[in-house]
Amino acid sequence: MPRPKRDLQRADLRVDFISGAVAHRLRFGGGRGQDLAKAMGFRAGKTPHVIDATAGLGRDSFLLASLGAEVTMIERSPRMHDLLLAGMEEARLEGGKFSKIIARMTLMLGDAKELLPSLSGEAILIDPMHPPRKTTALVKQELRQVREIVGVDEDAADLMRVALEHATKRVVLKWPAKADPIEGIRPCSHQIIGKSTRYDVFMTV
């Protein structure tokens with residue numbers, strides 16, 4: 001009998017910092033010239049302390065930590081928090097550059113709206129879970145799995161307001177390139193726009 005095809009739709013979600021897209025981005029992503037790094041304020045001789053208020057799969061945090069930043073990650077979903085912990089431990093045990101990057105990453109469980117007032121961060125990154133957008137089937141599957149765990153961030157505007165009050169230098173909203181701005185938030189200072197993603201940068205100084 002023919003071997004049954006693997007059901008990719010049922011593949012378990014995991015956080016992987018040492019292979020696949022994350023490893024490729026680490027090797028070939030472009031360093032501080034990447035849009036995210038520029039939006040967060042990385043430049044020659046300047047490495048901000050970053051707070052990732054919506055950690056999710058942790059990929060942006062890992063990238064920023066790989067560029068030398070101390071990154072505090074906040075995740076309010078206990079299940080996603082556990083997946084992040086497992087991925088971070090796997091990378092730590094891998095050793096070498098991976099363990100050094102993980103050493104710059106701190107993970108917290110909780111609601112960022114409640115935690116941000118007690119934290120000190122120069123740059124706060126917010127990447128809310130938003131409605132699906134056109135992308136590859138694989139990414140759709142992964143995003144669907146994440147959305148099933150964390151839901152949709154209907155309080156994104158409230159989180160932005162808290163972040164804008166407590167970031168010492170800037171807040172960066174990662175958002176679909178063609179999506180409307182979040183209602184109730186002041187206009188951003190500037191934008192960095194890619195093919196599918198834009199970074200709305202709000203300077204607070």
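Caption draft 1: Up close: the packing of aromatic side chains. By the definition in use, this model includes two aromatic pairs. Ring centres of F17 and F62 lie 5.0 Å apart, and the angle between their planes is 10°; this geometry places the pair in the stacked category. One end of the pair, F17, is in the segment before helix 1 (20–28); the other, F62, is in helix 3 (residues 59–66), with 45 residues separating them in the sequence. Both residues of the pair, F17 and F62, belong to the buried class.

Caption draft 2: Spotlight on the pattern of salt bridges. For the structure on display, the rule yields 14 salt bridges. Close ionic contact of R14 with E90 constitutes a salt bridge, the shortest N to O distance being 3.0 Å. Separated by 76 residues along the polypeptide, R14 in the segment before helix 1 and E90 in helix 4 (residues 78–94) bring together distant segments of the chain. Overall, E90 belongs to the partly exposed group, its relative accessible area being 30%. For D111, the salt bridge is made with R76, and the minimal N-O distance between the two is 3.5 Å. Of the two residues, D111 is situated in the loop between strand 3 (105–109) and helix 6 (112–115) and R76 in the loop between strand 2 (71–75) and helix 4; the sequence distance between them amounts to 35 residues.

Caption draft 3: Expanded view of the packing of helix 1 against helix 3. With their axes 11 Å apart at the nearest point, helix 1 and helix 3 run at an angle of 25° to one another. Judged by the angle between their axes, helix 1 and helix 3 are roughly parallel. Pair helix 1 / helix 3 crosses with right-handed handedness. Here helix 1 contributes V22, R25 and L26 to the contact with helix 3, which in turn contributes R59, D60, F62, L63 and S66. Looking at the contact of helix 1 with helix 3 residue by residue, the classes come out as four nonpolar, one polar and three charged.

Caption draft 4: Looking closely at the sheet that holds strand 5 (residues 170–176). Taken together, the seven strands give an open sheet; going across it, the order is 3-2-1-4-5-7-6, and neighbouring strands pair in mixed fashion. Looking at the sheet topology across the chains shown, the edges are occupied by strand 3 and strand 6 (190–193). Mean inter-strand twist for the sheet, computed between neighbouring axes without regard to direction, equals 20°. Strand direction decides the pairing type here: strand 1 (residues 50–52) and strand 4 (residues 123–126), joined by three bridges, are parallel. Residue pairing across strands places D52 opposite L125, the latter belonging to strand 4. Strand contacts of helix 4: strand 2 and strand 3, with the helix running at about 160° to strand 3, the strand carrying the most contacts. Running over the sheet, helix 8 (residues 156–166) touches strand 4, strand 5 and strand 7 (197–203) and is turned about 170° from strand 4.

Caption draft 5: Up close: the nonpolar core. If you look at the biggest cluster of nonpolar residues, it comprises 36 residues, and the most contacted ones within it are F17, M40 and M105. Of all elements in the fold, only helix 2 (35–40), helix 3, strand 2, helix 4, helix 5 (96–102), strand 3, strand 4 and strand 7 reach the threshold of two or more residues within this core. Element by element, the count of residues in this core is highest for helix 4, at five residues. When residues no more than four places from it in sequence are discounted, the contact partners of M40 are P48, V50, L64, A123, I124, L125, R170 and V172.

Cut-off values and rules
- Residues numbered from 1 in each chain as written.
- Predicted model: local features only at pLDDT ≥ 70, side-chain atom pairs only at ≥ 80, totals over all residues.
- Heavy atoms only, no water.
- Phe/Tyr/Trp six-rings, centres within 6.5 Å; stacked < 30°, edge-to-face > 60°.
- Helix = DSSP H or I, 4+ residues; strand = E, 2+ residues; numbered from the N terminus.
- Buried < 20%, exposed > 50% of the residue type's maximum accessible area, 1.4 Å probe, protein only.
- Salt bridge = Lys/Arg side-chain N within 4 Å of Asp/Glu carboxyl O.
- Axes fitted to C-alpha atoms, helices over the stretch in contact; angles between N-to-C directions.
- Parallel < 35°, antiparallel > 145°, perpendicular 65-115°, else oblique.
- Left-handed = near helix turned anticlockwise from the far one by under 90°.
- Contact = heavy atoms within 4.5 Å.
- Nonpolar A, V, L, I, M, F, W, Y, C, P; charged D, E, K, R; others polar.
- Pairing = 2+ DSSP bridges.
- Core = buried A, V, L, I, M, F, W, Y, C linked by side-chain atoms within 4.5 Å.

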